[in-house]
Amino acid sequence: MTFKELGVIEPILRALSKKGYKNPTPIQERSIPILLDKKDLLGCAQTGTGKTAAFTIPILQHMHLEGKQDRGAKIVKTLIVTPTRELAIQINENIKDYAEFTRLRSVVIFGGVKQGAQTNALRRGVDIIVATPGRLLDLIGQGYITLKHIEYFVLDEADQMLDMGFIHDIKKLIAMLPHNRQSLFFSATMPRSIVDLSKKILGDHEKVTIKPEQATAEKVEQVAYHVAKRDKTKLLIHLLELLPDPAVLVFSRTKHGADKIVKQLDKAGIKAAAIHGNKSQAARQRALKAFKEGKLRALIATDIAARGIDIQELSLVVNYDLPNVPETYVHRIGRTGRAEASGVAISFCNGEERPYLKDIQKLIKQDIPIHDENPYEDDLTEPPTPKQKQRQPRSNRRSSGGGNSNNRNSRRDGNKSQGGGRRTASRRSD
Ligand code: AMP
């Protein structure tokens, strides 16, 4: 299947080919025809599947064709609302790329920065607004934006919107939208609250689901390490020294944790920076830019800040902490193995996190192999079997962290490392 066969028009085809997109991803193949037909869409998919192009291409195409009739007058006809600044910036960058050979103009609106540049762009005239909810409402309140002429409305990452407490803002926005519009609603997960919200936004709609396991299992090689909390940073440093990957994205559950990891990596001479909600917008952008330019070896991110991070050819993601929501794991590892690339996801799992690992395996319907070359193997999280007790005195079972552990293959869970383990280990000599 090609984009042309999906009905995409010439100026956009040209932009896609310039981006190097050869074939549509599954979500694009399924959503583009529905959206070109002007139907509403409920999309259950996460970042990394190509969903941004899936929803922006048809909207750009409609607006480009309509623009010819209204002679390109600048009226805001499209509103895309997304939870984080990073994601908003990312979507806007994609729009600019895909719309390069049209006359359509977009602007990105988010808080935490002065509004001048945004209001100037609005004054000059735009067709598309990509925004986070707070600043958007603020500028509507100040009279810079009206939603009266919106014909295309996209709510992106709806589950994250609710997690971040945006429900009231979203309801306010929906109340301002004209009834006659095409609506698109995307969410990585579909709990009851999300389904209820989607009903408020969508009319008669079609549903497209790209299952997490489709997105991950096929493309991302996964492996886990059993490691005590206190040894996680040592293991991270060990792996960063061992593995060749130039840019590694590390997920930390907490902001404080992320800062701490950066400090410890710094001490070990590894260049790293953190991005999370306590960092200013400028600091987050700076860190992201340095990471993308290869000036940092590791970027330590919390889940919310990581939304919208799109780095081409990110080959390794490390879950320093395992998330207690299994879908979050899928979301995280979707950062590698994007579109047509393949990648590796390494997860650190301490004793308390073992139930999370089980939940994740249940969701992705596959076992994540446990790596057996682990100098920091956490031996104390499960009581040893009587047989093992006989074989090794307790003092030996406790790994010293020297990289030459006696107990390398002493794992007890029988979940031997296969593909993932081998590949990760063999990357030593790459
Ligand atoms: P998204 O899920 O929208 O964040 O997209 C994930 C990544 O896939 C981005 O880097 C896109 O530029 C890239 N991408 C999207 N569609 C395609 C495609 N059809 N072919 C190749 N790369 C794509």
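Just so you know, these numbers come straight off a predicted model, no measurement behind them. (Residues numbered from 1 in each chain as written. Predicted model: local features only at pLDDT ≥ 70, side-chain atom pairs only at ≥ 80, totals over all residues. Heavy atoms only, no water.)

Draft legend 1. Representation of the pairing of strand β5 (residues 152-155) in the model. Alternating positions in β5 separate into two faces, Tyr152 and Val154 on one and Phe153 and Leu155 on the other, with burial throughout. Pairing geometry for β5 and strand β6 (residues 182-187), over four bridges, is parallel. Bridging across to β6, Val154 finds its partner in Leu184. (Buried < 20%, exposed > 50% of the residue type's maximum accessible area, 1.4 Å probe, protein only. Helix = DSSP H or I, 4+ residues; strand = E, 2+ residues; numbered from the N terminus. Pairing = 2+ DSSP bridges.)

Draft legend 2. Molecular detail of the sheet that holds strand β11 (residues 298-301). One open sheet holds the six strands; their spatial order is β8-β13-β12-β9-β11-β10, and the pairing between them is parallel. The open sheet has two edge strands, β8 (220-226) and β10 (272-275), and neither has a second partner. Along the sheet, successive strands turn relative to each other by an average axial angle of 20°, direction set aside. Where strand β9 (residues 248-251) lies against strand β12 (residues 316-319), four bridges are found, and the strand directions are parallel. Bridge assignment links Leu249 to a residue of β12, and that residue is Val317. Along the sheet face, helix α16 (residues 354-364) touches β8 and β13 (343-349) and points at about 160° away from the line of β8. (Axes fitted to C-alpha atoms, helices over the stretch in contact; angles between N-to-C directions. Contact = heavy atoms within 4.5 Å.)

Draft legend 3. Fine view of the nonpolar core. Residues Phe3, Val8, Phe55, Ile57, Leu60, Ile80 and Leu184 are the most contacted members of the largest nonpolar core, which totals 39 residues. For this core, the secondary structure elements donating two or more residues are α1 (10-19), α2 (26-36), α3 (51-69), α4 (85-98), β4 (128-131), β5 and β6. The greatest single-element share of this core, amounting to seven residues, is contributed by α3. If near-sequence neighbours (up to four positions away) are discounted, Phe3 is found in contact with Val8, Leu13, Leu16, Tyr21, Lys22, Asn23, Pro24, Gln28, Ile32 and Ile57. In terms of nonpolar packing, the next biggest core, distinct from the first, is built from 33 residues, Leu136, Leu173, Leu197 and Ile201 among them. (Core = buried A, V, L, I, M, F, W, Y, C linked by side-chain atoms within 4.5 Å.)

Draft legend 4. Spotlight on the confidence of the model for the protein. Mean pLDDT for the protein: 84, with 82% of residues reaching 70 or above. Here residues 381-430 is a poorly scored stretch, pLDDT under 50, and it has 92 contacts once near neighbours within four places are set aside; other chains count. (pLDDT = per-residue confidence, 0-100.)

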